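One letter stands for each residue in the lines below.
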Amino acid sequence: KSPYPHIPYNTLSGYQPAYDLSASEQELVMEKLRSNKEGIGRSEELSLGRDIRQQDVWGIDCFAKKNILESAATADSRFSVKQNFIDFVKMKLLPAINSQPPERGHNIVFALTDLLKHDHLEKACDGILRDVELLGHHNFSIHPKGRGVVANVNIPKGKFVTDYLGELWPGWRWYEKCEAIELLQRSLKVKESLPSFYNILMERDFDDPN
C-alpha cells in the first residue's frame, strides 16, 4: 500500500504528436490542439507551489465506492440521493484522502475521522467507519494512482493552467498500442510491468451507464 516509485521524465520544448502516427493523423491531432488552444482565454498561468502542487495521489475503485454509498445511505438518508453522494465523494472524501500525509493516504479511516468535524457529515461518516470496522478495510480500499497535481486554490472553469508538453494520442490508437505491447510480452514470455503513460482512464465516471 504505497505509491508507485517516481519515474523521471524528459520535458519537451514544444507540441508534437505521437511519433508513429501517419502524416494525416499528426496534422489532425495538431489542428485539434491549435483550435482548442485558441479557444482558451490566455492569462497568467498557475504557479507550482503557490496555486498547485505535485504529490502522490490516491483514489477509490468502483467496488469501494459502492460499499461507501451503501454505508453512507444507510446511516443518512440524504446520501441515497445520487447527486448528494457524488458531491460528497468529489468535494469532501477524495480531498480529505489526498490531504493526508503519504503514510496515511491508503487508510480511509483517517480521512473519515477528519470529516467527522463537519456536523452535516457526522452521521454518514460514523456509518462508514462502523462498516469499515465490521466488514474490513479491504472492502473500502484506497489505491495509489501515481503522481498527480492538486489545486491549492479554486480554479474557475476555462482558467488557463499551463501548456501541456508531451505526446498526443488519439484514444483508439493508444489502446491499440497497449494491446500490441501486451500481446508481444505474452509471445516473448516477458514479465509484464507497469507501463509509462501520459494519460490513463483510472476509473469510470459516475455518469457512465456501464
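See the structure shown above.
Residues numbered from 1 in each chain as written. Predicted model: local features only at pLDDT ≥ 70, side-chain atom pairs only at ≥ 80, totals over all residues. Heavy atoms only, no water.

With that settled, the discussion passes to the overall build of the protein chain. Scanning the protein chain from terminus to terminus reveals six helices and two strands. For the protein chain, the residues scored as buried account for 31% of the 210 residues in total. Pairs at least 24 residues apart make up 74% of the contacts formed inside the protein chain by residues separated by at least 6 positions. Total accessible area on the protein chain stands at roughly 14300 Å², and carbon and sulfur atoms take up 56% of it. (Helix = DSSP H or I, 4+ residues; strand = E, 2+ residues; numbered from the N terminus. Buried < 20%, exposed > 50% of the residue type's maximum accessible area, 1.4 Å probe, protein only. Contact = heavy atoms within 4.5 Å. Areas by Shrake-Rupley, 256 points an atom, 1.4 Å probe, with all protein chains shown as cover.)

For the rest of this paragraph, the subject is the packing of helix α2 (residues 62-75) against helix α3 (residues 82-98). The interhelical angle for the contact between α2 and α3, taken along N-to-C directions, is 115°, at an axis separation of 11 Å. It follows that α2 is roughly perpendicular to α3 by the angle criterion. Like other packed secondary-structure pairs, α2 and α3 cross with a definite hand, here right-handed. Each of K65, I68 and L69 in α2 lies in contact with α3, whose residues at this interface are F85, F88 and L93. Classifying every residue of the contact of α2 with α3 by side-chain character gives five nonpolar, no polar and one charged. (Axes fitted to C-alpha atoms, helices over the stretch in contact; angles between N-to-C directions. Parallel < 35°, antiparallel > 145°, perpendicular 65-115°, else oblique. Left-handed = near helix turned anticlockwise from the far one by under 90°. Nonpolar A, V, L, I, M, F, W, Y, C, P; charged D, E, K, R; others polar.)

We now examine the packing of α3 against helix α4 (residues 108-115). Look at α3 against α4: their axes get within 8 Å of each other, and the N-to-C directions meet at 115°. In this structure, α3 crosses over α4, and the sense of that crossing is right-handed. Residues F88, K92, L93, A96 and I97 of α3 lie in contact with α4, whose contacting residues are I108, A111, L112 and L115. Looking at the contact of α3 with α4 residue by residue, the class counts come to eight nonpolar, no polar and one charged.

Count 3.6 residues to each turn of an α-helix, and residues three or four apart come out pointing the same way. Taking 1.5 Å per residue as the helical rise, α3 with its 17 residues ought to reach 24 Å, and the 23 Å between its terminal C-alpha atoms agrees with that figure. Taking the largest bend as the criterion, α3 deviates by roughly 35°, centred on V89. Burial in α3 covers these residues: F85, I86, F88, V89, L93, A96, I97 and N98. Summarising the contacts, the buried residues of α3 are in contact with β1 (52-60), α2, α4, α5 (122-135) and β2 (142-151). (Expected span 1.5 Å × (residues − 1). Bend = angle between axes of the 7 residues up to and from the residue.)

What follows deals with the packing of aromatic side chains. The full count for this structure, using the stated rule, is two aromatic pairs. Seen from their ring centres, F85 and F88 are 6.5 Å apart, and the 40° between their planes marks the pair as tilted. Of this pair, F85 and F88 both sit in helix α3, separated by three residues, roughly a single helical turn. Side by side, F85 and F88 carry an identical accessibility label, which is buried. An aromatic cluster of at least three residues, connected via ring pairs, comprises F79, F85 and F88. (Phe/Tyr/Trp six-rings, centres within 6.5 Å; stacked < 30°, edge-to-face > 60°.)

Attention shifts here to a nonpolar patch on the surface. A surface patch of nonpolar side chains, about 190 Å² in accessible area, is lined by V153, I155 and V161. Structurally, I155 can be placed in the loop between β2 and α6 (171-187). The class of I155 is partly exposed, set by a relative accessible area of 37%. (Patch = residues over 30% accessible without salt bridge, like charges linked within 9 Å, V, L, I, M, F, W, Y side chains within 5 Å. Salt bridge = Lys/Arg side-chain N within 4 Å of Asp/Glu carboxyl O.)

Now for the nonpolar core. In this structure, I60, I68, F88, L93, I108 and I128 are the most contacted members of the largest nonpolar core, which totals 24 residues. Contributions of two or more residues to this core are made by β1, α2, α3, α4 and α5. Sorting elements by how many residues they give to this core places α3 first, with six residues. Once residues lying within four places of it in the same chain are set aside, the contact partners of I108 are I68, L93, V132, F140 and I142. Within the second largest apolar cluster, five residues are counted, among which are A18, V29, W169 and W174. (Core = buried A, V, L, I, M, F, W, Y, C linked by side-chain atoms within 4.5 Å.)

Tracing the chain through its elements places S187 in helix α6. Among the polar contacts made by the side chain of S187, one reaches the main-chain carbonyl oxygen of L184 at a distance of 2.9 Å. (Polar contact = N/O pair within 3.5 Å; in protein donor to acceptor, adjacent residues only side chain to side chain.)

On the secondary structure map, I60 appears in strand β1. As for I60 and I142, which are separated by 82 residues in sequence, their C-alpha atoms are 5.2 Å apart.

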